[in-house]
2 protein chains.
Amino acid sequence: MYQAKIYITLRQSVLDPQGSAVTRSLHAMGYENIKDVRVGRYLVVEVDAAGREAAEEQVHDMCKKLLANPVIEDYTFELVEV
Amino acid sequence: MYQAKIYITLRQSVLDPQGSAVTRSLHAMGYENIKDVRVGRYLVVEVDAAGREAAEEQVHDMCKKLLANPVIEDYTFELVEV
C-alpha cells in the first residue's frame, strides 16, 4: 500500500483571487509583512498498488484526469510505502 | 524573506465528504484500488520576517487565527529562507 501526498497549485501565470483575499485579510489583521499568498489543494490518497512504479504511474494518471486541471494547475506528489 | 509551505488537513476524526466524493469518482473511473482520499489545503505564504523564529511564531499565529480552523483541522508547515 502506498500513500501519495499530492500538492496542487495554480500555475504562476494564473491569477489567484483566493490568495489575494487571504493576503488582504492578513494585512487587515496587522500582518503587514506578508508579501504573497497562493492557495492550493493538498490531497492524501491511499493507493493499493503492486509496486512503486505502478503507483507512481497511476497517481500521474489520476492527477491529469481528475484531481488537477492541467490547463491552469501544476501538481507534484510524494509517494511513501505504508 | 521566508517562504512557508502550510498543509492544512481535516482531523482524522472528522468526516471528509469531499474526499469521499473524490474516492467514489476515482472508483467510477476504474481506479478500484484507491482506499481513501483526504482533501486539504496547501498554502504558500511569503513572510518578510527578521529571523526564522519570528517567522515561525507568526505562521503559527496566522494559522490559528485565520488560515486553519483549529476545532476541526490540523496544520503543519515548513519554512525555507528565500
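Our subject is the structure that appears above.
Just so we're clear, the structure is a prediction, and the values are computed from it rather than from any experiment.

Reading the values: the criteria
- Residues numbered from 1 in each chain as written.
- Chains lettered and ligands numbered in written order.
- Predicted model: local features only at pLDDT ≥ 70, side-chain atom pairs only at ≥ 80, totals over all residues.
- Heavy atoms only, no water.
- Phe/Tyr/Trp six-rings, centres within 6.5 Å; stacked < 30°, edge-to-face > 60°.
- Helix = DSSP H or I, 4+ residues; strand = E, 2+ residues; numbered from the N terminus.
- Buried < 20%, exposed > 50% of the residue type's maximum accessible area, 1.4 Å probe, protein only.
- Polar contact = N/O pair within 3.5 Å; in protein donor to acceptor, adjacent residues only side chain to side chain.
- Contact = heavy atoms within 4.5 Å.
- Buried area = accessible area lost by both parts, 1.4 Å probe.
- Salt bridge = Lys/Arg side-chain N within 4 Å of Asp/Glu carboxyl O.
- Nonpolar A, V, L, I, M, F, W, Y, C, P; charged D, E, K, R; others polar.
- Pairing = 2+ DSSP bridges.
- Axes fitted to C-alpha atoms, helices over the stretch in contact; angles between N-to-C directions.
- Parallel < 35°, antiparallel > 145°, perpendicular 65-115°, else oblique.
- Least-squares fit on C-alpha atoms with pLDDT ≥ 70 in both.

Whenever I open this one, the packing of aromatic side chains confuses me. Can you help?
The geometry of an aromatic ring pair is captured by the separation of the ring centres together with the interplanar angle, meaning the angle of the planes. Throughout the structure, instances matching the rule amount to five aromatic pairs over all chains. Aromatic side chains tyrosine 7 of chain A and tyrosine 7 of chain B sit 5.5 Å apart centroid to centroid with 55 degrees between the ring planes, which places their arrangement in the tilted category. You can see tyrosine 7 of chain A sitting in strand E1 (residues 2-10) and its partner tyrosine 7 of chain B sitting in strand E1 (residues 2-10), one on each of two chains. By the burial criterion, tyrosine 7 of chain A is buried, and tyrosine 7 of chain B matches it. Plain terms: the ring middles of tyrosine 7 of chain A and tyrosine 42 of chain B are 5.3 Å apart, the flat faces sit at 50 degrees to each other, and that makes the pair tilted. Note that tyrosine 7 of chain A is positioned in strand E1 and tyrosine 42 of chain B in strand E2 (residues 34-47), a pairing that runs across two chains.

Whenever I open this one, the side chain of glutamine 3 of chain A confuses me. Can you help?
Residues and elements named next belong to chain A. Locating glutamine 3 in the fold gives a position in strand E1. Separated by 3.2 Å, the side chains of glutamine 3 and glutamate 46 make a polar contact. Residues within four places of glutamine 3 in sequence aside, it is in contact with Val44, Val45, Glu46, Glu78, Leu79, Val80 and Val82.

Explain the interface of chain B and chain A to me, please; I cannot follow it from the model alone.
In many analyses, interface size is given as the accessible surface area lost on bringing the parts together. Contacts between chain B and chain A engage 32 residues on the former and 32 residues on the latter. Of the roughly 2700 Å² buried between chain B and chain A on both sides combined, carbon and sulfur atoms contribute 68%. Joining chain B to chain A, the criterion identifies zero salt bridges. The interface formed by chain B and chain A contains 14 residue pairs in polar contact (both at pLDDT 80 or more). Of all the secondary structure elements, the ones that give two or more residues to the side of chain B that touches chain A are E1, helix H1 (17-28), E2 and helix H2 (52-67) of chain B. Counting residues per element, the side of chain B that touches chain A draws most heavily on E2 of chain B, at 14 residues. Taken together, the residues of the side of chain B that touches chain A sort by class into 19 nonpolar, five polar and eight charged. Across 13 bridges, strand E2 (residues 34-47) of chain A lies against E2 of chain B in antiparallel orientation. Of the residues in E2 of chain B, the one forming a bridge with valine 45 of chain A is valine 37 of chain B.

How should I be thinking about the packing of helix H2 (residues 52-67) of chain A against H1 of chain B in this particular structure?
Helix packing geometry: the angle between the two helix axes and the distance between the axes. Interhelical geometry of H2 of chain A versus H1 of chain B gives an angle of 110 degrees and a closest axis separation of 11 Å. Accordingly, the angle class assigned to the pair H2 of chain A and H1 of chain B is roughly perpendicular. Here H2 of chain A contributes Met62, Leu66 and Leu67 of chain A to the contact with H1 of chain B, which in turn contributes Val22, Ser25 and Leu26 of chain B. Considering only residue class, the contact of H2 of chain A with H1 of chain B consists of five nonpolar, one polar and no charged.

Help me understand the relation of the copies chain B and chain A in this model?
What connects the two chain copies is a rotation about an axis and a shift along it. Screw-axis analysis of chain B against chain A gives a translation of 0.0 Å along the axis, an RMSD of 0.0 Å, and a rotation angle of 180 degrees. Interpreted geometrically, this transformation is the action of a two-fold axis. Among all residues of chain B, the minimum C-alpha distance to the rotation axis is found for arginine 41 of chain B, at 2.2 Å. The residues that chain B uses at the interface reappear at the interface of chain A in 100% of cases, marking a shared surface.

No statement about biological role is implied by the geometric values presented.
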